[in-house]
Amino acid sequence: MSRFTNKRLNRLTPYSPGEQNLVGDIIKLNTNESPFPPAPSVITAIKDETIASLRLYSDANSTRLKAGLSRYFKIAPERIFIANGSDEVLNFAFMAFCETAIAFPDITYGFYPVFCTLHGLDAKIIPVRDDLTIDSTDYLDIGMPIVIANPNAPTGLSLSAAEIEMILVANSSQVVIIDEAYIDFGGETALNLLDKYDNLLVVRTYSKSRSLAGARLGFAIGSEELIDALEKIKYSTNPYNVNTLTQKLGLASIEADDYYQKKVASIIKTRDETSRELRSQGLSVLNSKANFLFVRSDAIGGEDLYLSLRERGILVRHFAQERIYDYVRITIGTPEEMNKLVCEIKNIIEGK
Ligand SMILES: *Cc1c(COP(=O)(O)O)cnc(C)c1O
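Described below are features of the structure shown in this document. Note that the coordinates shown come from a computational prediction; the quantities given were computed from them, not determined experimentally. (Residues numbered from 1 in each chain as written. Predicted model: local features only at pLDDT ≥ 70, side-chain atom pairs only at ≥ 80, totals over all residues. Heavy atoms only, no water.)

1. Quick word on the sheet that holds strand 9 (residues 284–285)
Alright, step 1. The sheet built from 3 strands is open, its strands ordered 9-10-12 with antiparallel pairing. Each edge of the open sheet is held by one strand with a lone partner, namely strand 9 and strand 12 (327–331).
Alright, step 2. Sheet analysis places strand 10 (residues 292–296) next to strand 12, joined by 5 bridges and oriented antiparallel. In the strand pairing of strand 12, Leu293 is matched with Ile330. (Pairing = 2+ DSSP bridges. Helix = DSSP H or I, 4+ residues; strand = E, 2+ residues; numbered from the N terminus.)

2. Regarding the packing of helix 4 (residues 63–73) against helix 9 (residues 244–255)
Alright, step 1. Two numbers describe how helix 4 lies on helix 9: the axes approach to 9 Å, and their chain directions differ by 20°. When the interaxial angle is binned, helix 4 and helix 9 end up roughly parallel. The handedness of the crossing between helix 4 and helix 9 comes out as left-handed. Contact with helix 4, carried on its side by Arg64, Leu65, Gly68, Leu69, Arg71 and Tyr72, involves Gln247, Gly250, Leu251 and Ile254 of helix 9 and no other residues of that element.
Alright, step 2. Partitioned by chemical class, the residues of the contact of helix 4 with helix 9 number 5 nonpolar, 3 polar and 2 charged. (Axes fitted to C-alpha atoms, helices over the stretch in contact; angles between N-to-C directions. Parallel < 35°, antiparallel > 145°, perpendicular 65-115°, else oblique. Left-handed = near helix turned anticlockwise from the far one by under 90°. Contact = heavy atoms within 4.5 Å. Nonpolar A, V, L, I, M, F, W, Y, C, P; charged D, E, K, R; others polar.)

3. Topic: the packing of helix 5 (residues 86–97) against helix 8 (residues 224–234)
Packed helices, taken two at a time, are described by their axes: the angle between them and the distance between them.
Alright, step 1. One can describe the packing of helix 5 onto helix 8 by two numbers: an axis separation of 9 Å at closest approach and a directional angle of 105°. Taken together, the axes of helix 5 and helix 8 lie roughly perpendicular to each other. Together, Val89, Phe92, Ala93, Met95, Ala96 and Phe97 of helix 5 and Leu226, Ala229, Leu230, Ile233 and Lys234 of helix 8 make up the contact between the two elements.
Alright, step 2. When grouped by side-chain class, the residues that make up the contact of helix 5 with helix 8 number 10 nonpolar, no polar and 1 charged.

4. Digging into the environment of Ala149
Alright, step 1. Note that Ala149 resides in strand 5 (residues 146–149).
Alright, step 2. The class for Ala149 is buried, based on a relative accessible area of 5%.
Alright, step 3. Note: C-alpha distance between Ala149 and Ile177 (28 residues apart in sequence) is 8.2 Å.
Alright, step 4. In contact with Ala149, other than residues within four places in its own chain, are Thr108, Tyr112 and Asp179. (Buried < 20%, exposed > 50% of the residue type's maximum accessible area, 1.4 Å probe, protein only.)

5. Comments concerning the layout of surface pockets
Alright, step 1. Computed from the structure, the largest pocket encloses a volume of approximately 930 Å³.
Alright, step 2. Forming the boundary of the largest pocket are 42 residues, of which Tyr15, Ser16, Tyr109, Gly110 and Arg317 lie nearest the centre.
Alright, step 3. If you list the elements that add at least two residues to the lining of the largest pocket, you get helix 5, strand 3 (101–105) and helix 6 (111–118).
Alright, step 4. Here the lining of the largest pocket is built from residues that sort into 19 nonpolar, 15 polar and 8 charged. (1 Å grid on protein atoms, 1.4 Å probe; cavity = no way out; pocket = protein on both sides within 12 Å on 5 of 7 lines; lining within 4 Å. Points joined across faces, edges and corners; volume = space filled by probe spheres on them.)

6. Looking at unusual backbone geometry
Alright, step 1. A cis geometry characterises the amide bond from Asn150 onward to Pro151, with omega recorded as -5°.
Alright, step 2. Considering the arrangement of structural elements, one finds Pro151 in the loop between strand 5 and helix 7 (161–170).
Alright, step 3. Across the junction of Ala153 and Pro154, the peptide omega takes the value 5°, indicating a cis bond.
Alright, step 4. Non-glycine residue Asp141 carries a positive phi angle of around 50°.
Alright, step 5. Residue class for Asp141 comes out exposed when judged on its relative accessible area of 65%.

7. Details of the packing of aromatic side chains
Alright, step 1. If you walk through the whole model with that rule in mind, you get 16 aromatic pairs.
Alright, step 2. With a centroid separation of 4.9 Å and an interplanar angle of 85°, the aromatic rings of Tyr182 and Phe292 are classed as edge-to-face. Note that Tyr182 is positioned in the loop between strand 6 (176–179) and strand 7 (200–205) and Phe292 in strand 10, a separation of 110 residues in sequence.
Alright, step 3. Using a relative accessible area of 6% as the deciding quantity, one classes Tyr182 as buried.
Alright, step 4. Centre to centre, the rings of Tyr206 and Phe219 are 6.0 Å apart; their planes meet at 65°, and the pair counts as edge-to-face. Of this pair, Tyr206 sits in the loop between strand 7 and strand 8 (218–221) while Phe219 sits in strand 8, placing them 13 residues apart in sequence.
Alright, step 5. According to the relative accessible area criterion, Tyr206 is buried, its value standing at 4%.
Alright, step 6. By relative accessible area, which is 5% here, Phe219 ends up buried.
Alright, step 7. Ring-pair connections join several aromatic residues into one group, and the members of that group are Tyr15, Phe94, Phe104, Tyr109, Phe111, Tyr112 and Phe115.
Alright, step 8. Positioned above the aromatic ring of Tyr327 is the side chain of Arg296, whose terminal nitrogen or guanidinium carbon lies 5.9 Å from the ring centre.
Alright, step 9. Its guanidinium or amino end placed over the ring of Phe292, Arg329 lies 5.7 Å from that ring's centre, counting from NZ or CZ. (Phe/Tyr/Trp six-rings, centres within 6.5 Å; stacked < 30°, edge-to-face > 60°. Lys NZ or Arg CZ within 6 Å of the ring centre and 35° of its normal.)

Here is the structure:
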């Protein structure tokens, strides 16, 4: 580290994203992107005049996109916060709502501990059960903000809305952040709880079910007070955080909802078929409500499986964390990609 950096930066281990910009003929199942392109109307949404308008700053309030989301979710625009990916929403939420600490599961999204170190917060890490499910009764009266990904990553396991509600009731003086990055793939959303609980912040992304990972767009829905706090952070860091093109794409994709519902249904179908195939080969597959599977084999370790698949041109994700070292996380691709994956896993295990 440079002698010029501060101590907090020296201590920080940054988030390590899955590999991008791969060369050659690789099946990319490592970062939970959609295998489908954005809807045709989204692809044609950016006109020359929009590009010409880039000489102006973007709308700091994302007014039209907010209005679109407001209609879609039937919720006041003042209760919606828009940001440069949900990672930015989460970062701002950690800044806005945490005093000294925040609680989250030991097995979850790798960015939460990074934000803790970045902002000098203690992480209260709550272990998941042996089967990697979250026990909601571990989150009662925690005395600090809580963040839970639901469905959780990288397990794909989910809590019911009733379990989330129990956590909200038992922590009524703390903010509870529910990160719903994967909710469109089958979990129960907490959105319906928003009118009853002013401590709930629901975070969503366009990166997974909306095929816009590269556009960087995420949002949060909560009480006006929580949203005001996030706006305050935004206007104190980067008011033009969402560029003009992305705002357009975001609005166009709300209007193309039918397309995305079909694609999500198709991903769910492929997920469940792949899951059945892998189980029939003797692998353990967690019951995923996301666009990925978390998979373990008695015949081969997680790192070995990851490396062997990589050699065969299929990239999945392995995490160097003790409790999940035996697992790999596999993004749901096209049916053809998943057939190839199932076939190669079979070859690898038979060749052992
Ligand atoms: C992918 C992911 C995000 C980040 O999404 P972006 O909107 O692309 O920043 C946030 N939370 C979880 C749990 C994720 O898996």
